[in-house]
Amino acid sequence: MPIIGGAMVPHPPLILPGVGKGAEAQIAKTTAAFEQVAARVHGLKPDTVVITTPHSVMYQDYLHISGGQSARGDFRRFGAGQEAFHVAYDQALAMRIGELAQAARIPAGIKGERDPALDHGFMVPLHFLRQAMGSPWPCQFLRIGLSGLSFETHYRLGMVIKDAAGQLGRRVFLVASGDLSHYGRADGPYGFRPEGPEYDRRIMDIMGRAAFDELLALPEKFCEQAGECGQRSFLILAGALDGQKVRAEALSYEGVTGVGYGVSMFTPEGPDATRHFVKREEE
Ligand SMILES: [Zn+2]
């Protein structure tokens, strides 16, 4: 099974004690769920952890995959330069995803790099993975950004990731990094919109059932109004589990800061012909 599991996780920098300096206590449930996910990823012994992040370079019409041998990043921007990370990229997987994406007419690849430094959408999950896995890393990584392209295109990219992993015989765990709504509370940093809590409720329900057809069907306008961050990230994860029976576990949800943080874990349990939610393009 090329995709050995997946997780939906948020990426608040303040969850790192070095950044939060105590403020992380208000999202302790998210921390506990994150630690549980990281321990399980470690136990699955992935060859490569693919992390999709909304905060890498983002183009309207192109999905950027970070290239090169390795990359570094730190939380200096968030007042914690000592929180620094270095990962090796799975270059063969990046190349194969690019080739298969091209064949499937999905505009994705390693072109268009602007800032090779790791972003917080990538590094927050990395923080928990490093705690669980120790160093040196027992696996390689891949960083994939999002785009303004359709929900379906992001789902299709997930299908391509699965195919590429299969062709290379990689055991890949996919982490979909993404916060939920930014409009959860009137006293939050972005204020309140009714779509905010509604989006969070629907996502936790949809992801808790791995109802990826419903994830694809959410109206884009509604998601935009809710100020979502991770919708397209979650769609790539869904696509990577296309055609699989999936055991879904909603591990935690918190909205105390006005931004929604959801953690869910997904375990594929074998082929399921009823779960192809997007038709493959005819050759
Ligand atoms: Zn974000």
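Keep in mind it's a predicted model, so treat the numbers as computed, not measured.

Trainee: Break down the overall build of the chain for me, citing the residues and quoting the values.
Mentor: The helix and strand tally for the chain stands at 9 helices and 10 strands. With the C-alpha coordinates of the chain rotated into their principal frame, the extents come out at 50 × 40 × 35 Å. Intrachain contacts of the chain at a sequence separation of at least 6 include 80% that bridge at least 24 residues. Of the roughly 11,600 Å² of accessible surface on the chain, 51% is carried by carbon and sulfur atoms. A distance of 2 Å separates the average location of the 29 positive side-chain charges in the chain from that of its 32 negative side-chain charges.

Trainee: Can you lay out the side chain of histidine 64 for me, pointing to particular residues and giving the numbers?
Mentor: If you trace the backbone, histidine 64 turns up in strand β3 (residues 63-64). Its relative accessible area of 0% is what places histidine 64 among the buried residues. A polar contact of 3.2 Å, which involves the side chain of histidine 64, links it to the side chain of glutamate 113. Beyond its immediate sequence surroundings of up to four residues, histidine 64 is in contact with Ser56, Val57, Gly109, Ile110, Lys111, Gly112, Glu113, Arg143, Ile144 and Gly145.

Trainee: Which residues make up the pairing of strand β4 (residues 70-75), and what values do they have?
Mentor: The side chains of a regular strand alternate between the sheet's two faces. Of the two faces of β4, only one is covered, namely that formed by Ala71, Gly73 and Phe75; the face formed by Ser70, Arg72 and Asp74 stays uncovered. Bridge count between β4 and strand β5 (residues 80-88): 6 bridges; the pairing is antiparallel. Bridging across to β5, serine 70 finds its partner in alanine 88. In textbook terms, the turn of a hairpin is the stretch between consecutive antiparallel strands, and for β4 and β5 this stretch comprises 4 residues, one of which, glycine 79, has a positive phi near 80°.

Trainee: With reference to specific residues and values, describe the sheet that holds strand β10 (residues 261-271).
Mentor: Backbone-to-backbone hydrogen bonds join strands into a sheet, with any given pair of strands oriented parallel or antiparallel. The 6 strands lie next to each other as β7-β2-β8-β1-β10-β9, forming an open sheet whose pairing is mixed. The sheet terminates laterally at β7 (140-145) and β9 (244-254), the two strands that pair on one side only. Taken over all neighbouring pairs, the strand axes of this sheet differ in orientation by 15° on average, direction set aside. Summarising the sheet, β9 and β10 pair through 9 bridges and their orientation is antiparallel. Opposite glutamine 244, over in β10, you have proline 271 as the bridge partner. Against the sheet, helix α2 (residues 28-44) engages β1 (3-9), β2 (48-53), β8 (172-177), β9 and β10, with an angle of about 150° to β9. With respect to the sheet, helix α9 (residues 231-240) is in contact with β1, β2, β7, β8 and β10, its orientation differing from that of β8 by roughly 155°.

Trainee: How would you summarise the coordination of the zinc ion if you had to cite specific residues and measurements?
Mentor: For the zinc ion, the protein coordination sphere consists of His11 (NE2), His55 (NE2) and Cys229 (SG), at 2.0 to 2.4 Å. For the zinc ion, the donor residues sit on a single chain with the sequence spacing H-x43-H-x173-C. Of the two residues, histidine 11 sits in the loop between β1 and α1 (17-20) while histidine 55 sits in the loop between β2 and β3, which places them 44 residues apart along the sequence. Of the residues examined, histidine 55 reaches a relative accessible area of 35% and is grouped as partly exposed.

Trainee: Describe α9, listing the residues and the values that go with them.
Mentor: Counting buried residues in α9 gives 10 out of 10 residues, a clear majority hidden from the surface. Those residues of α9 that sit buried are Gln231, Arg232, Ser233, Phe234, Leu235, Ile236, Leu237, Ala238, Gly239 and Ala240.

Trainee: I'd like a rundown of the packing of helix α6 (residues 195-208) against α9, residues and numbers included.
Mentor: In helix packing, the relevant descriptors are the interaxial angle and the interaxial distance, both defined with respect to the helix axes. It is the contact of α6 with α9, at a shortest axis distance of 13 Å, that shows an interaxial angle of 10°. Judged on the interaxial angle alone, α9 and α6 are roughly parallel. Contact with α6, carried on its side by Tyr199, Ile203 and Met207, involves Gln231, Phe234 and Leu237 of α9 and no other residues of that element. Here the residues of the contact of α6 with α9 sort into 5 nonpolar, 1 polar and no charged.

Calculation rules
Residues numbered from 1 in each chain as written. Predicted model: local features only at pLDDT ≥ 70, side-chain atom pairs only at ≥ 80, totals over all residues. Heavy atoms only, no water. Helix = DSSP H or I, 4+ residues; strand = E, 2+ residues; numbered from the N terminus. Contact = heavy atoms within 4.5 Å. Areas by Shrake-Rupley, 256 points an atom, 1.4 Å probe, with all protein chains shown as cover. Lys, Arg positive; Asp, Glu negative; His and termini not counted. Charge placed at Lys NZ, Arg CZ, Asp CG, Glu CD. Buried < 20%, exposed > 50% of the residue type's maximum accessible area, 1.4 Å probe, protein only. Polar contact = N/O pair within 3.5 Å; in protein donor to acceptor, adjacent residues only side chain to side chain. Pairing = 2+ DSSP bridges. Axes fitted to C-alpha atoms, helices over the stretch in contact; angles between N-to-C directions. Donors = N, O, S within 2.8 Å, 3.2 Å for Na, K, Ca; no water. Parallel < 35°, antiparallel > 145°, perpendicular 65-115°, else oblique. Nonpolar A, V, L, I, M, F, W, Y, C, P; charged D, E, K, R; others polar.

The values reported here are purely geometric and, on their own, carry no functional implication.
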